[in-house]
Structure formats: C-alpha cells, structure tokens
Amino acid sequence: MQYKRILEKLKSANGSTMLGNIGQNDPWQTLIATILSARSRDETTEIVARELFTHFPDCESLAKARVARIEKLVKRTGFYKTKARRIIGVSKILMERYGGQVPMDMERLLELPGVGRKTASCVLVYAFGKAAIPVDTHVHRISNRLGWVKTNTPEKTEEALRKGIAEKDWIVINDLLVFHGKNICKPIRPLCSVCSIEKYCAKIISFR
C-alpha cells in the first residue's frame with residue numbers, strides 16, 4: 001500500500017513533537033499537556049506545561065491547587081481561565097474515581113470533562129502506546145492533501161483513516177504527520193520542492 005511508503009519516508013526525516021517530548025512516562029502529564037495544547041502553539045504549550053509540572057508534579061497536587069495560581073501559570077496558552085478550571089477539575093475526578101491514575105481506554109477517557117476524541121487518542125498513543133489516531137489540523141490537512149481521505153472534519157478524517165490504514169500503523173500517524181505539517185506541508189505555501197514524499201502526493205491543496 002502506498003501509505004506504507006509514505007510513512008517509511010517520513011520516519012527517516014522525523015523529529016520530536018511536543019507530546020513526544022513531554023509526559024511519555026506519566027499519563028497524567030500527557031493528559032494535562034494535551035488539554036493545554038488546544039489552540040496553542042506546541043512550542044508554547046511545552047514551555048508552559050514543563051513550568052506547571054515543576055510546581056504541581058502530580059495529579060494530587062494539581063487537584064488541590066488554587067484556580068488563580070493555575071490561571072497565572074497557563075495564561076500563555078490562551079483560554080487560560082477555562083483551561084485552569086478544566087485541568088484542576090479533571091485532576092479532582094481522577095483522584096476521586098481512579099486514585100490519581102489515568103484510564104487506559106477511550107470510553108472512560110471521554111467521560112472526563114473537556115476530553116474529546118483527539119485528546120483521548122493522544123493519551124492512548126503517547127502515554128500508553130496503544131493503537132489510536134489523534135487527528136489535529138495537521139493530520140486532517142495532510143491526509144486530505146495526500147489523497148488518503150476526502151473529508152471535511154477531523155472526526156470524519158479519523159473515521160476514514162481507521163478504515164484505510166492497518167491498526168498496527170495507527171500509532172505513528174500523529175507524530176509523523178504533525179512534524180511534517182509543521183516543517184514541510186504547511187497550511188499556506190507548503191514546501192513541496194524539499195518534500196521527501198512529494199512524488200506520492202495528490203496535492204489536493206484545497207483542504208487547509
């Protein structure tokens with residue numbers, strides 16, 4: 001299948017993404033960092049998350065935190081008032097229901113406030129090494145540009161990718177396409193001339 005050639009090419013040029021850099025040995029940190037990443041640049045999220053975890057290194061400490069203190073720490077990620085309350089609330093629920101541990105299945109993750117499929121999938125992939133396909137703007141855009149799918153929402157993209165890509169390959173999709181999307185296959189003016197997978201690309205550029 002052609003997608004396998006593309007994944008192999010991207011692996012050779014792959015670097016680290018934000019979630020690849022932070023929280024891999026701590027599912028709670030992965031969850032919190034993913035919540036903070038909504039509508040925030042990964043570079044900013046990584047800096048903010050590391051600072052947050054310096055002051056609040058575990059679920060129990062964040063669950064007991066004052067909202068005003070967390071708002072100040074996460075302000076640079078945007079929507080900080082909502083995010084501060086959300087990560088405290090999630091931490092409280094994890095302490096009450098799961099003894100501070102993060103659930104390892106999609107269904108229970110989706111029960112947490114503010115956790116959608118992308119966030120839950122990120123936790124499964126980056127924290128637990130379980131098969132899932134987190135679809136953000138990069139994955140959605142590039143999957144359409146390559147011609148792998150023809151969809152108009154990330155939710156539909158995830159559904160189509162799950163049908164078209166072998167489950168054993170799901171776990172690498174987000175990391176490879178996010179890195180490629182940030183550095184080469186950009187929303188505007190993609191760098192096709194230096195793209196390692198240009199010859200495999202359908203170049204359907206209307207999907208941004």
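Scroll up for the structure.
Residues numbered from 1 in each chain as written. Predicted model: local features only at pLDDT ≥ 70, side-chain atom pairs only at ≥ 80, totals over all residues. Heavy atoms only, no water.

A. Structural context of the overall build of the protein. Summing up its helical and strand segments, the protein has 12 helices and zero strands in all. Mapped from its N terminus to its C terminus, the protein presents α and β elements in the order α-α-α-α-α-α-α-α-α-α-α-α. Relative to the compact-globule value of 17 Å for 208 residues, the protein shows a C-alpha radius of gyration of 18 Å, a close match. Its C-alpha atoms put the protein at 55 × 30 × 30 Å along the principal axes. About 10600 Å² of surface is accessible on the protein, with carbon and sulfur atoms providing 51% of the total. (Helix = DSSP H or I, 4+ residues; strand = E, 2+ residues; numbered from the N terminus. Rg over C-alpha atoms; globule rule 2.2 N^0.38 Å. Areas by Shrake-Rupley, 256 points an atom, 1.4 Å probe, with all protein chains shown as cover.)

B. Representation of the packing of helix 3 (residues 27-36) against helix 4 (residues 42-55) within the structure. At a minimum axis distance of 10 Å, the contact between helix 3 and helix 4 shows a crossing angle of 135 degrees. With respect to their mutual orientation, helix 3 and helix 4 come out oblique. Handedness of the helix 3/helix 4 crossing: right-handed. Contacts between helix 3 and helix 4 involve Trp 28, Gln 29, Ile 32, Ala 33 and Leu 36 on the former and, on the latter, Thr 45, Ala 49, Leu 52 and Phe 53. Tallied by class, residues from the contact of helix 3 with helix 4 come to seven nonpolar, two polar and no charged. (Axes fitted to C-alpha atoms, helices over the stretch in contact; angles between N-to-C directions. Parallel < 35°, antiparallel > 145°, perpendicular 65-115°, else oblique. Left-handed = near helix turned anticlockwise from the far one by under 90°. Contact = heavy atoms within 4.5 Å. Nonpolar A, V, L, I, M, F, W, Y, C, P; charged D, E, K, R; others polar.)

C. Representation of the side chain of His 140 within the structure. Inspection of the secondary structure puts His 140 in helix 10 (residues 137-146). Here Thr 157 takes part through its side chain, which lies 2.6 Å from a polar atom of the side chain of His 140. With residues near it in sequence (within four places) discarded, His 140 still touches Val 135, Thr 151, Asn 152, Thr 153, Pro 154 and Thr 157. (Polar contact = N/O pair within 3.5 Å; in protein donor to acceptor, adjacent residues only side chain to side chain.)

D. Quick peek at the pattern of salt bridges. Taken as a whole and judged by the stated rule, the model has 16 salt bridges. We note a salt bridge from Asp 105 to Arg 108, for which the minimum N-O separation is 2.6 Å. Exposure remark for Arg 108: the relative accessible area of 34% places this residue in the partly exposed category. (Salt bridge = Lys/Arg side-chain N within 4 Å of Asp/Glu carboxyl O. Buried < 20%, exposed > 50% of the residue type's maximum accessible area, 1.4 Å probe, protein only.)

E. The arrangement of the environment of Leu 191 in detail. Here Leu 191 shows up in the segment after helix 12 (170-183). The spacing of Leu 191 and Thr 45 is 146 residues in sequence and 25 Å in space, taken between C-alpha atoms. When sequence neighbours within four positions are dropped, the list of residues in contact with Leu 191 reads Asn 183, Ile 184 and Lys 186.

F. Highlighting unusual backbone geometry. A positive phi angle, close to 50 degrees, is found at Phe 79, a residue other than glycine. Tracing the backbone shows Phe 79 in the loop between helix 6 (67-74) and helix 7 (80-98). Positive phi outside glycine occurs at Arg 189, with the angle close to 55 degrees. Along the polypeptide, Arg 189 turns up in the segment after helix 12.

G. Main features of the packing of aromatic side chains. Overall, the coordinates contain two aromatic pairs when judged by the stated rule. Ring centres of Tyr 3 and Trp 148 lie 6.3 Å apart, and the angle between their planes is 80 degrees; on these two criteria the pair is classed as edge-to-face. Remark: Trp 148 occurs in the loop between helix 10 and helix 11 (154-164) and Tyr 3 occurs in helix 1 (residues 2-12); sequence separation between them is 145 residues. Residue Tyr 3 is classed as buried on the basis of its relative accessible area, which comes to 6%. Geometrically, the ring pair formed by Trp 28 and Phe 53 is tilted, given 5.4 Å between the ring centres and 55 degrees between the ring planes. (Phe/Tyr/Trp six-rings, centres within 6.5 Å; stacked < 30°, edge-to-face > 60°.)

H. Broad picture of the side chain of Thr 17. By secondary structure assignment, the location of Thr 17 is in the loop between helix 1 and helix 2 (18-21). Judged by its relative accessible area of 4%, Thr 17 falls in the buried class. Among residues more than four places away in sequence, those in contact with Thr 17 are Tyr 126, Asp 175, Val 178 and Phe 179.

I. Structural context of helix 4. Between its first and last C-alpha atoms helix 4 spans 20 Å; for 14 residues at 1.5 Å apiece the expected length is 20 Å, and the two agree. Among the residues of helix 4, those classed as buried are Thr 45, Glu 46, Val 48, Ala 49, Leu 52 and Phe 53. Taken together, the buried residues of helix 4 touch helix 2, helix 3, helix 5 (59-63), helix 6 and helix 7. (Expected span 1.5 Å × (residues − 1).)

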